[in-house]
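Chain residues, written in single-letter form:
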Number of protein chains: 2
Amino acid sequence: MKHQPIGIFDSGLGGLTVAKAIQKELPSETLIYFGDTARIPYGTKSPDTIIRYSLQIARFLIKKEKIKCLVVACNTASAWALNDLRREFQIPILGVIEPGAQAAIDATRNNRIGVIGTEGTVESGAYVEAIRRLRPKAKVLMKACPLFVPLVEEGKLSGSVTESVALEYLKPLLKEKIDTLVLGCTHYPLLKKTLSRLAGSKIRIVDSATETAKSLHRNLEMQGIELSGRGGSKYFVSDLSRKFKEQAQRFLGRPIHRVEKVFIEKY
Amino acid sequence: MKHQPIGIFDSGLGGLTVAKAIQKELPSETLIYFGDTARIPYGTKSPDTIIRYSLQIARFLIKKEKIKCLVVACNTASAWALNDLRREFQIPILGVIEPGAQAAIDATRNNRIGVIGTEGTVESGAYVEAIRRLRPKAKVLMKACPLFVPLVEEGKLSGSVTESVALEYLKPLLKEKIDTLVLGCTHYPLLKKTLSRLAGSKIRIVDSATETAKSLHRNLEMQGIELSGRGGSKYFVSDLSRKFKEQAQRFLGRPIHRVEKVFIEKY
């Protein structure tokens, strides 16, 4: 298994927030990132389609790029496709929902947890299940925020439009006296400042990126998978739009100079 | 060619606004609709990807469904893929941009025309070219409105959020004293009321649906293609989400009872 890379994928570039956390946690590992920019978004599409797309991407990463483990950075894909992925492939496969649930449990004091995500993630019930498994008495309040992904993709991270959309989404959660808000979509960490201001200082905002990276670290150690890569990263996407560089920089916090386009539907 | 259906496709269900206009113009024709709901939206993706998707859909409609002519109801696909489609297939292929340009020319009095559309449509320059070909002295002002598609998909056709987004997009066009506004995306006709109110009664709002249907009618007659179908319609999509019925009803104005899912990437 030595020197094999870690694979990570997302519906687009939002998963770069998770990649960044993994690079910080495991700096000597080599990371292969795949963003399904030709078929983004996943959050509004059906479970069948999400599972089919996730299997294609995993085939590419495992068979062609020879990864030793897979991180499903997309919440919607974590919610729907994890079982099918684990059935088809033998390598360790980690989603972002269980780490996100863990982070929420660590943060909450009143056991009232709000989770925001795409329609697909909310519909799946995966967060409710994961949080309740860790703490059966927790009350979990879900809210789908379908306009957040397009707002972030447009770079509208603050301002009056974003605030009025966010307030509409947060209102029912705030009314229920949550003390913890889980950002259940890789795009949402970029809205953290705006969400913080609207939610007020008493509500802790958690995202799964850091917890996913830690969980990955523990997982690899437990499975005895050698941690001795040469660092570095490689980026693949299914569509290369004019906006790629600008968006990648926004999520990763630094520019990506080399990226390759893959016809993912062939896998 | 007798009894062969007319094919029409869009990136999703927005093209049903065009299908509706064609059914009104040519009620005895049979219509086959394909919505690429598994890969929507097109407007933010690259020309290469849009061309590849459009060719796959055309192959399905022409080879499998034996259509006699093809209407590209999606503005982004009309902007980028028309030449490639016409190169690969021999049947008549009609986009929505030329009819939209014609409608704008018929409506304007001061020759200052605003066009709103997706980023892809704006970037392509196709509307500017089409309008200038009809009236070289026209001044065409383009504005990309990337949040309109997600707003319409969410059913947010009016209200404070939609109005503040719309006002931001319209401002630069209104400042330039346009007297005509072209809705250069099949989703936008659903925002017509809101846009009308914000633009004021002096600005004429035109969409390409009616003009496309008329142009199709002329085209078929000119090419001597028999107009004697048995009416009716058939609907195909690449993803069948839980929201399909609600969204289809919104665009078509009546429910769709039967729809079939197609694995379009195989074509």
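Residues numbered from 1 in each chain as written. Chains lettered and ligands numbered in written order. Predicted model: local features only at pLDDT ≥ 70, side-chain atom pairs only at ≥ 80, totals over all residues. Heavy atoms only, no water.

Colleague: Just to check I follow, could you spell out the interface of chain B and chain A for this structure?
Modeller: One widely used convention gives an interface's size as the accessible area the parts lose upon coming together. Chain B puts 34 residues into the contact, and the matching count from chain A is 34 residues. Summing the contributions of chain B and of chain A, the shared interface buries around 2700 Å²; its carbon and sulfur component is 46%. Two residues, R52(A) and E265(B), come together in a salt bridge whose shortest N-O distance is 2.8 Å. Scanning the region where chain B abuts chain A turns up 20 residue pairs in polar contact (both at pLDDT 80 or more). Elements supplying a minimum of two residues to the side of chain B that touches chain A: α2 (47–64), α5 (119–124), α7 (148–153) and α8 (160–175) of chain B. Partitioned by chemical class, the residues of the side of chain B that touches chain A number twelve nonpolar, eight polar and 14 charged. (Contact = heavy atoms within 4.5 Å. Buried area = accessible area lost by both parts, 1.4 Å probe. Salt bridge = Lys/Arg side-chain N within 4 Å of Asp/Glu carboxyl O. Polar contact = N/O pair within 3.5 Å; in protein donor to acceptor, adjacent residues only side chain to side chain. Helix = DSSP H or I, 4+ residues; strand = E, 2+ residues; numbered from the N terminus. Nonpolar A, V, L, I, M, F, W, Y, C, P; charged D, E, K, R; others polar.)

Colleague: Whenever I open this one, the relation of the copies chain B and chain A confuses me. Can you help?
Modeller: Each of the two chain copies can be brought onto the other by rotation about an axis and movement along it. For the match of chain B to chain A, the screw axis carries a shift of 0.0 Å, the RMSD comes to 0.0 Å, and the turn is 180°. Considering both components of the superposition, the chain copies are consistent with a two-fold axis. Ranked by how close their C-alpha atoms come to the rotation axis, the residues of chain B are headed by R39(B), at 2.3 Å. (Least-squares fit on C-alpha atoms with pLDDT ≥ 70 in both.)

Colleague: Which parts of the structure should I look at to understand unusual backbone geometry?
Modeller: Excluding glycine, a negative phi dihedral is what most residues carry, and trans is how most peptide bonds are arranged. Residue and element names in this part refer to chain A. Following I40, the chain continues into P41 via a peptide bond in cis, with omega recorded as 0°. Within the chain, K66 stands out as a residue other than glycine whose phi angle is a positive 55°. Mapping K66 onto the fold places it in the loop between α2 (47–64) and β3 (69–72).

Colleague: Before we go on, may I ask you to explain the sheet that holds strand β1 (residues 6–10) of chain B in this structure?
Modeller: The pairing of strands in a sheet happens through backbone hydrogen bonds and is either parallel or antiparallel. Residue and element names in this part refer to chain B. The sheet built from six strands is open, its strands ordered β4-β3-β1-β2-β9-β10 with parallel pairing. Edge positions in the open sheet fall to β4 (93–94) and β10 (260–261), since each of these has one partner strand only. Together, β1, β2 (31–35), β3 (69–72) and β9 (233–237) form the strand contacts of helix α1 (residues 16–25), whose direction differs from that of β2 by roughly 175°. (Pairing = 2+ DSSP bridges. Axes fitted to C-alpha atoms, helices over the stretch in contact; angles between N-to-C directions.)

Colleague: Which parts of the structure should I look at to understand helix α3 (residues 75–88) of chain A?
Modeller: Side chains three or four residues apart in an α-helix point the same way, a direct result of the helix having 3.6 residues per turn. For α3(A), built from 14 residues, the straight-helix expectation of 20 Å at 1.5 Å per residue is met to within 8% by its first-to-last C-alpha distance of 20 Å. If you look at α3(A), its biggest bend is around 65°, right at A81(A). (Expected span 1.5 Å × (residues − 1). Bend = angle between axes of the 7 residues up to and from the residue.)

Colleague: Would you mind going over the pattern of salt bridges with me for this structure?
Modeller: Pairs can form between side chains of opposite charge whenever their charged atoms are close. Under the definition given, this model contains 36 salt bridges over all chains. Salt-bridge contacts for D36(A) lead to R39(A); the nearest nitrogen and oxygen are separated by 2.9 Å. Residue D207(B) pairs with K192(B) through a salt bridge whose shortest N-O separation is 3.9 Å. With D207(B) in strand β8 (residues 204–207) and K192(B) in helix α9 (residues 192–199), this pair connects stretches of sequence that are 15 residues apart. Here D207(B) falls in the buried class, since its relative accessible area comes to 18%. The network of salt bridges with common partners includes E98(A), E129(A) and R133(A). (Buried < 20%, exposed > 50% of the residue type's maximum accessible area, 1.4 Å probe, protein only.)

Colleague: How do you make sense of the packing of α2(A) against α3(A) when you look at a structure like this?
Modeller: The axes of two packed helices give the description: the angle between them and the distance between them. Residue and element names in this part refer to chain A. Viewed as axis vectors pointing N to C, α2 and α3 meet at an angle of 55°, and their least axial separation amounts to 9 Å. Relative to α3, the element α2 lies oblique. The handedness of the crossing between α2 and α3 is right-handed. On the side of α2, the interface is formed by P47, I50, I51, S54, L55, A58 and R59, while α3 contributes T76, A77, W80, A81, D84, L85 and E88. Taken together, the residues of the contact of α2 with α3 break down into nine nonpolar, two polar and three charged. (Parallel < 35°, antiparallel > 145°, perpendicular 65-115°, else oblique. Left-handed = near helix turned anticlockwise from the far one by under 90°.)

Colleague: Explanation requested: the environment of R39(A) in the structure shown.
Modeller: Note that R39(A) resides in the loop between β2 (31–35) and α2. Remark: the alpha-carbon pair of R39(A) and K243(A), spanning 204 residues in sequence, is separated by 15 Å. Contact partners of R39(A), with chain neighbours within four places excluded, come to K45(A), Y53(A), Q56(A), I57(A), S238(A), I264(A), E265(A), A38(B), R39(B), K45(B), Y53(B) and E265(B). Here the side chain of R39(A) touches Q56(A) through a polar contact of 2.7 Å, side chain to side chain.

Purely geometric numbers; function is a separate question.
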